[in-house]
Amino acid sequence: MTKFNRIIILTGAGISAESGLDTFRDKGGIWEKYDLTQVATPEAFARDPDMVHEFYNLRRGMVKNVHPNPAHKALARLEQEYPGEILLVTQNVDDLHEKAGSKNICHMHGELGKVRCQACREVMMWWDDLDRHTDCPVCEKKGRIRPHIVWFGEIPFDLNKIGQYLENSDLFISIGTSGTVYPAAGFVQAAMDAGAHTVELNREPSDGYSLFEETHYGPATQVVPQYVEKLLKEAYA
Ligand code: APR
C-alpha cells in the first residue's frame, strides 16, 4: 500500500550546487557576479544581445562539464521505483536531472541546452555558442535565435500542467530553492490547499520554511537520498 499516490517535486539551484554549478543568491552566486537586469530580461536582450548571448554561452559551457550528484540520482531512483505518480518540476535550466535518469520533468524556467527562433518559433537542442548573427537552421533567418530560457518578466512554462498536478497531489517536496521567486515560491501554498503533505529539503530554511510540515536541512547529496530511502521503505511497509 503506497503512502502517497501523486508526488510533485520542485527543485532549485541548490540541488545542482554540489555538482559545481553556482546558485543565484548564495554568497558568490550568479546574481552577485551579474546584474540580472543586464542579462536575464527581454529588455536586456533587445538592448545588448551580445552581452546576453555571452552570459548564456558561458553557462551553457559550464553545464556541459558537470555531472549529476547523488541528489539528482536519488530522484531518478524514486521515479523508477516508487509505486505512485511523480512529477519533477525544476526551476533549473541545467540537464542534470535528465543525465541522472529522471523522465517526467517540467523545466518551468526553460533549458540551457535549447534555443528558440523568434521568427519561426522552432525550439531546438543547442549546446554550441550562440551570437546575434547565428542563422536559424530551420527558417534560415539571421540573428533571430534566443536562449530557450524564461527571463524575468516572462511567463514560466507548463504552469497549467503544474497547477493541475498540485491540486491533485498528496506529497509536495521542495529541494534546494530559496523560495524567493514566484510562481514557484507559491507552489507550497497550493499543495497545502490541496491537502498534500509538504516537505522542505534544503541546506538551510528557505523564505517559505514555515509553510512546510516537515523539514530536513543539510547538503542535498545527504538529505535527498535519505528522504528517498525513507519514502521507498514506507511505500512497501
Ligand atoms: N544543498 C541543498 N541546498 C542548497 C545547497 C546544497 N548543497 N547549496 C545551496 N542550497 C540552497 C540555498 O540555501 C538556497 O536556499 O539552495 C537555495 C538556492 O537558492 P537560489 O540561489 O535563490 O536559487 P533558486 O531558488 O533556484 O532561484 C530560483 O531565481 O534567479 C532565478 O531563474 C532563477 O530559477 C532561478 C530562480
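Residues numbered from 1 in each chain as written. Predicted model: local features only at pLDDT ≥ 70, side-chain atom pairs only at ≥ 80, totals over all residues. Heavy atoms only, no water.

Trainee: Sorry, what's going on with the overall build of the chain here?
Mentor: When helices and strands are tallied, the chain shows nine helices and nine strands. Taking 18 Å as the expected radius of gyration for a compact globule of 237 residues, we find that the chain reaches 18 Å, a close match to that expectation. Dimensions of the chain along its principal axes, counting C-alpha atoms only, are 60 × 35 × 30 Å. Within the span of the chain, comprising 237 residues, buried residues form 49% of the whole. Summed over its atoms, the accessible surface of the chain is roughly 11,300 Å², and 51% of this surface lies on carbon and sulfur atoms. (Helix = DSSP H or I, 4+ residues; strand = E, 2+ residues; numbered from the N terminus. Rg over C-alpha atoms; globule rule 2.2 N^0.38 Å. Buried < 20%, exposed > 50% of the residue type's maximum accessible area, 1.4 Å probe, protein only. Areas by Shrake-Rupley, 256 points an atom, 1.4 Å probe, with all protein chains shown as cover.)

Trainee: Help me understand the sheet that holds strand β9 (residues 214-217), please; the structure alone is not making it clear to me.
Mentor: Note on sheets: strands pair through backbone hydrogen bonds, and any given pair is parallel or antiparallel. In space, the six strands of this open sheet follow the order β3-β2-β1-β7-β8-β9, with parallel pairing throughout. Edge positions in the sheet fall to β3 (105-107) and β9, since each of these pairs with one other strand and no more. The average angle at which neighbouring strand axes cross in this sheet is 15°, direction not considered. Where strand β8 (residues 197-202) meets β9, four bridges bridge the pair, whose relative direction is parallel. (Pairing = 2+ DSSP bridges. Axes fitted to C-alpha atoms, helices over the stretch in contact; angles between N-to-C directions.)

Trainee: In this structure, what is going on with the nonpolar core? I would like to understand it.
Mentor: In summary, soluble globular proteins display a tendency toward joint burial of nonpolar side chains. Formed by 25 residues in total, the largest nonpolar core has its most connected members in Ile7, Ile9, Tyr82, Ile173, Val224 and Leu231. Contributing elements (two or more residues each) for this core: β1 (6-11), α5 (70-81), β2 (85-90), β7 (171-175), β8 and α9 (220-235). With eight residues, the single largest contributor to this core is α9. Aside from chain neighbours lying at most four places away, what touches Ile9 is Leu75, Leu78, Ile86, Leu87, Leu88, Val89, Ile173 and Ile175. Judged by nonpolar contacts, the second largest core, of 17 residues, contains Trp31, Phe45, Leu96 and Trp151. (Core = buried A, V, L, I, M, F, W, Y, C linked by side-chain atoms within 4.5 Å. Contact = heavy atoms within 4.5 Å.)

Trainee: Would you take a moment to explain a nonpolar patch on the surface for this structure?
Mentor: On the surface, Tyr34, Leu58 and Met62 cluster together to form a nonpolar patch covering roughly 250 Å² of accessible area. For Met62, the location among the structural elements is in helix α4 (residues 49-64). Overall, Met62 belongs to the partly exposed group, its relative accessible area being 40%. (Patch = residues over 30% accessible without salt bridge, like charges linked within 9 Å, V, L, I, M, F, W, Y side chains within 5 Å. Salt bridge = Lys/Arg side-chain N within 4 Å of Asp/Glu carboxyl O.)

Trainee: Teacher, can you tell me more about the site of the ligand here?
Mentor: Residues in contact with the ligand amount to 23 residues; listed here are only the nearest, Phe24, Arg25, Thr177, Ser178 and Glu204. Interatomic distance of 2.7 Å between a side-chain N/O atom of Thr177 and an oxygen atom of the ligand. Surface burial for the ligand is 94%, taken as the share of its 730 Å² of free accessible area covered by protein chains. The residue inventory of the shell around the ligand, partitioned by class, reads eight nonpolar, ten polar and five charged. (Near = heavy atom within 4 Å. Polar contact = N/O pair within 3.5 Å; in protein donor to acceptor, adjacent residues only side chain to side chain. Nonpolar A, V, L, I, M, F, W, Y, C, P; charged D, E, K, R; others polar.)

Trainee: Is there a simple way to think about the packing of aromatic side chains in this case?
Mentor: This structure, assessed with the given rule, holds eight aromatic pairs. Relative to Phe55, the ring of Trp31 has its centre 6.1 Å away and its plane inclined at 25°; by these criteria the two rings are stacked. Linking Trp31 in helix α1 (residues 30-33) with Phe55 in helix α4, this pair joins segments that are 24 residues apart in sequence. Exposure remark for Phe55: the relative accessible area of 3% places this residue in the buried category. Site record: aromatic cluster; members linked through ring pairs are Phe24, Trp31, Tyr34, Phe45, Phe55, Tyr56, Trp151 and Phe152. (Phe/Tyr/Trp six-rings, centres within 6.5 Å; stacked < 30°, edge-to-face > 60°.)

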